[in-house]
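# Tertiary structure, described
Each chain is listed here by its residues.
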Amino acid sequence: MIQNLLFDLFSFILLGSAAMVVTSRNPVHAVLFLILAFINAAALFLLAGAEFLAMVLVIVYVGAVAVLFLFVVMMLDVNFAVLREGFQRYAPIGALVALILFVELALFVTGSTVAPGAAAARLFPTPDNITNSQALGSLIYTNYLPLFQLSGVILLVAMIGAIVLTHRDRKRAKRQNLDVQHARLPAETLTMVSAKLGAGAAMPQPKKETL
Amino acid sequence: MSVFLQTNLGIAILTLLESLAIIVPLLLGVAYLTWFERKVMGAIQLRKGPNVVGPFGLWQPFADAIKMMFKETIFPTGADKVLFTIAPMITFGLAVVAWAVIPVNDHWAVANINVGILYLFAISSLGVYGIIIAGWASNSKYAFLGALRSAAQMVSYEVSMGFVIVTVLICVGSLNLNDIVLAQRHIWFAIPLLPLFVIFFISGLAETNRAPFDLAEGETEIVAGFFVEYSAMTFALFFLGEYANMILISAMTTTLFLGGWLSPIPFAPFTLIPGVFWFLLKILVCLFVFVWVRATLPRFRYDQIMSLGWKVFLPISLVWLVLTAGFLEIFGMLPHA
């Protein structure tokens, strides 16, 4: 009973915040509603018994990806009125994507089977005697190892691509070498001069600067 | 009575009482941690610290709390009022909810869940939101700078913290915090995994935005960073949140590396002392180190914080993870192999 109530609660908040993501005028509010949607999705995963997925969703999407979203959106000076100008031009494409998604969901929910073989693989129940994470691990690292490795490689390529695109080698920038700095001794950088009162002292010539 | 405790209402009431049994001591602990910090720092700097309000200044935290409550909350011009008020609540709330899974004695946790350590990691990764929302909602350059610094810093140090946690998990073979502590019956993980213990603790300093990594606050450059515009209770919540997070990171360090509630001296008179005592003692030692570090080390420069996180901690923790996994595999010591 409590589970049903909680399910209703989390689903309502999820749908409501998802709607707010699209309709918010302020982009920062939109991202914050997106985060709320993520957290409620994680709560729904928990109710479904997928505790590992729920935690990973929070750690990866909320804890890292959404922070970077928020970071970017806060830094940009986005004018939504300008962004909305292309709305009518792109509306048909958007409607098409939405239609495809809706048909797929409808097929899934009504239970009609497109590929009969998929039914066996779907809804694989977790055995009672082992935990959720163990069940997931023993599948990922055995039957699905090539796919798992492949997704890792794809992420690595994406990361290298992002670094290559954004990295600028600023030759003129002063760079520090920490080891050289640590190896410096006071005698190399510091000269004690005892000046006569009123006479002053000549500036000692600085030694060659090793940064 | 035991039948009543099996019903939904019974479970709800029991959980509520258990939560109170964690939260009330935690809040008192936070209050007295501020007193402890000021006393310890006073001693390090040859001062007396708070000594006027009550014996040994023991009522000082309450005097501070009452002062905070009666001050006026000021909203800056152009601030986003809703987010401005929510941000400190998020910071403080997250520091408290994380305690739901921490075992203070054998099976003494409000929720002894299978993915306990992941839950802790998830909650601590959410902590950045309180700061970043506060910085943005304040409509102030300094606050925003502090928030951006802290966001980048916390995301960076979470990566190496994650690898340290994975290494511990490989040694335990379970994500349950209770199992993690019980796996340290023979030897605390701080000894075989010493470099990771050090990395975890330093990353903990960075996660909680404590000195020497308190760049988010940086009062010498950006006055007080993300909470420069906050006053009265909203400020107090940030303040309490910071200290509650310190206690939380100390509890995580204790659970993962210092054997949780287990007695450090494994024979008769010492094993009879309740585990809660040892758990609190270990937390207190960690907290002392937190304060000690703050009183003795100067603040890092921002680019050095970043290079420490990405170029030193990340490679070391990654290599140590592979070494540990390889060692356990070769010698057949992997749990549940």
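All residue numbers refer to position in the chain's written sequence, counted from 1. Numbering of ligands from 1 and lettering of chains from A proceed in the order in which they are written. pLDDT decides what is reported in this predicted model: residues at 70 or higher carry local features, side-chain atom pairs at 80 or more are listed and counted, and totals for whole chains, interfaces and linings draw on all residues regardless. Excluding hydrogens and water, the side-chain values take into account all heavy atoms of the structure.

## Re the overall build of chain A
Defined as follows: Numbering of helices and strands runs from the N terminus, with a helix taken as a DSSP run of H or I at least four residues long and a strand as a DSSP run of E at least two residues long. Buried residues are those whose accessible area, probed at 1.4 Å on protein chains only, stays under 20% of the maximum for their type, while exposed residues exceed 50% and partly exposed ones sit between those limits. In what follows, a contact means two residues having at least one pair of non-hydrogen atoms within 4.5 Å. The Shrake-Rupley method, run with a 1.4 Å probe, gives the accessible areas here. Residue values count only the displayed protein chains as cover.
Summing up its helical and strand segments, chain A has 10 helices and zero strands in all. Traced from its N-terminal end to its C-terminal end, chain A shows the element sequence α-α-α-α-α-α-α-α-α-α. Within chain A, buried positions represent 16% of all 211 residues. A separation threshold of at least 6 residues defines the contact pool for chain A, and within that pool the share at least 24 residues apart is 55%. If you sum the accessible surface of chain A, you get close to 16800 Å²; carbon and sulfur atoms cover 70% of it.

## Details of the nonpolar core
Residues and elements named next belong to chain B. Threshold: Buried residues of nine kinds, namely Ala, Val, Leu, Ile, Met, Phe, Trp, Tyr and Cys, make up a nonpolar core once their side-chain atoms join them within 4.5 Å.
Core analysis: the biggest nonpolar cluster contains 112 residues, and Trp 99, Ile 117, Leu 120, Tyr 129 and Phe 257 have the highest contact counts within it. Here the element with the most residues in this core is helix 4 (residues 116-137); it accounts for 15 residues. Apart from residues lying up to four places away in sequence, Phe 257 is in contact with Val 164, Val 168, Gln 184, Trp 188, Phe 189, Ala 190, Leu 193, Leu 196, Phe 197 and Phe 200.

## A look at the confidence of the model for chain A
Keep this limit in mind: Confidence of the prediction at every residue is given by pLDDT, a number between 0 and 100.
Residues of chain A with pLDDT of at least 70 account for 83%, and the chain-wide mean is 80. The least confident element of chain A is helix 6 (residues 118-121) of chain A, whose mean pLDDT is 56; the most confident is helix 8 (residues 145-166) of chain A, at 92.

## Points about the state of the cysteines
Residues and elements named next belong to chain B. Stated formally: The rule for a disulfide is simple: a pair of cysteine sulfur atoms within 2.5 Å.
One pass over the full model with this rule turns up zero disulfides over all chains. The thiol sulfur of Cys 171 is not disulfide-bonded, and the nearest other cysteine sulfur, from Cys 286, lies at 19 Å. Of the residues examined, Cys 171 reaches a relative accessible area of 22% and is grouped as partly exposed.

## Topic: helix 2 (residues 60-69) of chain B
Residues and elements named next belong to chain B. The condition is simple: This arc describes the spread of directions from the helix axis toward the C-beta atoms.
For helix 2, every residue scored as buried is listed here: Gln 60, Pro 61 and Met 68. Down the axis of helix 2, the buried side of the element spans an arc of 100°, and every buried residue falls inside it. At its buried positions, helix 2 is contacted by helix 1 (8-44) and helix 8 (232-257).

## Overview of the interface of chain A and chain B
Put simply, the rule reads: Defined in terms of a 1.4 Å probe, buried area is the accessible area two parts forfeit on being brought together, summed over both. For this document, the term salt bridge refers to a Lys or Arg side-chain nitrogen within 4 Å of an Asp or Glu carboxyl oxygen. The definition of a polar contact used here is a pair of N or O atoms within 3.5 Å, where within protein one atom must be able to donate a hydrogen and the other to accept one, and adjacent residues in sequence count solely through side-chain atom pairs.
Each side of the interface is counted separately: chain A has 23 residues, and chain B has 26 residues. Carbon and sulfur atoms supply 76% of the area buried between chain A and chain B, which totals about 2200 Å² over both sides. When the buried surface of chain A facing chain B is broken down by residue, Met 55, Ile 59 and Met 74 of chain A rank first, second and third, together holding 25% of it. Inspection of the region where chain A meets chain B yields zero salt bridges. Our count for the chain A to chain B interface comes out at four residue pairs in polar contact (both at pLDDT 80 or more).

## A short note on the packing of helix 3 (residues 51-75) of chain A against helix 4 of chain B
Cut-off, in case you're wondering: As a rule, the C-alpha atoms of each element are fitted with a line to give its axis, helices using only the stretch in contact, and angles between N-to-C directions run from 0 to 180 degrees. Here is the rule for angles: anything less than 35 degrees is roughly parallel, anything more than 145 is roughly antiparallel, 65 through 115 is roughly perpendicular, and the remaining ranges are oblique. By definition, any crossing whose near helix is turned counterclockwise from its far helix by less than a right angle is left-handed, and any crossing with a clockwise turn is right-handed. Side-chain classes follow a simple rule in which Ala, Val, Leu, Ile, Met, Phe, Trp, Tyr, Cys and Pro form the nonpolar group, Asp, Glu, Lys and Arg form the charged group, and the remainder, Gly included, forms the polar group.
It is the contact of helix 3 of chain A with helix 4 of chain B, at a shortest axis distance of 9 Å, that shows an interaxial angle of 20°. In this view, helix 3 of chain A runs roughly parallel relative to helix 4 of chain B, as classed from their interaxial angle. Pair helix 3 of chain A / helix 4 of chain B crosses with left-handed handedness. Taking contact as the criterion, the partners of Phe 52, Met 55, Val 58, Ile 59, Val 62, Gly 63, Ala 66, Val 67, Leu 70 and Met 74 of chain A in helix 3 of chain A are, on helix 4 of chain B, Leu 118, Tyr 119, Phe 121, Ala 122, Ser 125, Leu 126, Val 128, Tyr 129, Ile 132 and Trp 136 of chain B. When its residues are assigned to classes, the contact of helix 3 of chain A with helix 4 of chain B shows 18 nonpolar, two polar and no charged.

## Regarding the environment of Pro 335 of chain B
Residue and element names in this part refer to chain B. Positionally, Pro 335 belongs in the segment after helix 11 (302-330). Take Pro 335: its relative accessible area is 26%, and that puts it in the partly exposed class. What Pro 335 contacts, discounting residues up to four positions off in sequence, is Ile 170, Cys 171, Val 172 and Gly 173.

## Details of helix 8 of chain B
Counted only if it meets this: Residue count minus one, scaled by 1.5 Å, sets the expected span of a helix.
In this model, helix 8 of chain B (26 residues) spans 37 Å end to end at C-alpha, consistent with the 38 Å of a helix rising 1.5 Å per residue. Among the 26 residues of helix 8 of chain B, 21 are classified as buried, and the element is accordingly described as predominantly covered.

## Overview of the packing of helix 3 (residues 81-97) of chain B against helix 4 of chain B
Residues and elements named next belong to chain B. Closest axis-to-axis distance for the helix 3/helix 4 pair is 8 Å, and the angle between their directions is 160°. The orientation of helix 3 relative to helix 4 falls into the category roughly antiparallel. Like other packed secondary-structure pairs, helix 3 and helix 4 cross with a definite hand, here left-handed. The segment helix 3 lies against helix 4, with Leu 83, Phe 84, Ala 87, Ile 90, Thr 91, Leu 94 and Val 97 engaging Tyr 119, Ile 123, Leu 126, Gly 127, Gly 130, Ile 131, Ile 133, Ala 134, Trp 136 and Ala 137. Considering only residue class, the contact of helix 3 with helix 4 consists of 14 nonpolar, three polar and no charged.

## Details of the confidence of the model for chain B
The share of residues in chain B with pLDDT of 70 or more is 96%, and the mean pLDDT across the chain is 84. Complex prediction metrics read pTM 0.83 and ipTM 0.81.

## Notes on the pattern of salt bridges
Residue and element names in this part refer to chain B. All chains considered together, the criterion is met by five salt bridges over all chains. Two residues, Glu 37 and Arg 210, come together in a salt bridge whose shortest N-O distance is 2.5 Å. Placement of Glu 37 in helix 1 and of Arg 210 in the loop between helix 7 (194-207) and helix 8 is noted, with a sequence separation of 173 residues between them. Of the residues examined, Glu 37 reaches a relative accessible area of 3% and is grouped as buried. Note on Arg 210: relative accessible area 1%, which makes it buried. As a salt-bridge pair, Arg 294 and Glu 37 come within 2.9 Å of each other at their nearest N and O atoms. One end of the pair, Arg 294, is in helix 10 (residues 275-296); the other, Glu 37, is in helix 1, with 257 residues separating them in the sequence. The network of salt bridges with shared partners includes Glu 37, Arg 210, Glu 242 and Arg 294.

## Re the environment of Ser 17 of chain A
All names here are of chain A. Structurally, Ser 17 can be placed in helix 1 (residues 2-23). Judged by its relative accessible area of 2%, Ser 17 is buried. Along the backbone, Ser 17 and Ala 43 are 26 residues apart, and their C-alpha atoms lie at a distance of 14 Å. Reaching out from Ser 17, the side chain makes a polar contact with the backbone oxygen of Ile 13 at a distance of 2.7 Å.

## Structural notes on a positive patch on the surface
Using the following cut-off: Exposure above 30% relative accessible area and no salt bridge define the residues that can form patches, which grow by joining like charges within 9 Å and nonpolar side chains of Val, Leu, Ile, Met, Phe, Trp and Tyr within 5 Å. His is not counted, nor are the chain ends, whereas Lys and Arg count as positive and Asp and Glu as negative. One atom stands in for each charge, and that atom is NZ of Lys, CZ of Arg, CG of Asp or CD of Glu.
Positive charge collects at one region of the surface, where Arg 168, Arg 170 and Arg 175 of chain A together with Lys 311 of chain B lie side by side. In this fold, Arg 168 of chain A is placed in the loop between helix 8 and helix 9 (178-183).

## Quick look at the packing of aromatic side chains
Residues and elements named next belong to chain B. Applied cut-off: For Phe, Tyr and Trp, where Trp contributes only its six-membered ring, two rings pair if their centres lie within 6.5 Å, and the inter-plane angle classes them as stacked under 30 degrees, edge-to-face over 60, or tilted in between. In this analysis the charged atom, NZ for Lys or CZ for Arg, is taken to sit over a ring once it is within 6 Å of the ring centre and within 35 degrees of the ring normal.
A full pass over the atoms with the stated rule returns 21 aromatic pairs over all chains. Centre to centre, the rings of Tyr 157 and Phe 213 are 5.7 Å apart; their planes meet at 50°, and the pair counts as tilted. With Tyr 157 in helix 5 (residues 141-172) and Phe 213 in the loop between helix 7 and helix 8, the pair connects residues that are 56 residues apart, well separated along the chain. Residue Tyr 157 shares its accessibility class with Phe 213, and that shared class is buried. With a centroid separation of 4.8 Å and 45° between ring planes, the pair formed by Phe 327 and Phe 331 is classed as tilted. Judged by its relative accessible area of 43%, Phe 327 falls in the partly exposed class. On the accessibility criterion, Phe 331 (53% relative accessible area) is exposed. Connected via pairs of aromatic rings, a cluster forms that spans Phe 75, Phe 84, Phe 227, Tyr 230, Phe 235, Phe 238, Phe 239 and Tyr 243. A cation sits over an aromatic face here: Lys 81 above Phe 75, 5.3 Å from the ring centre.

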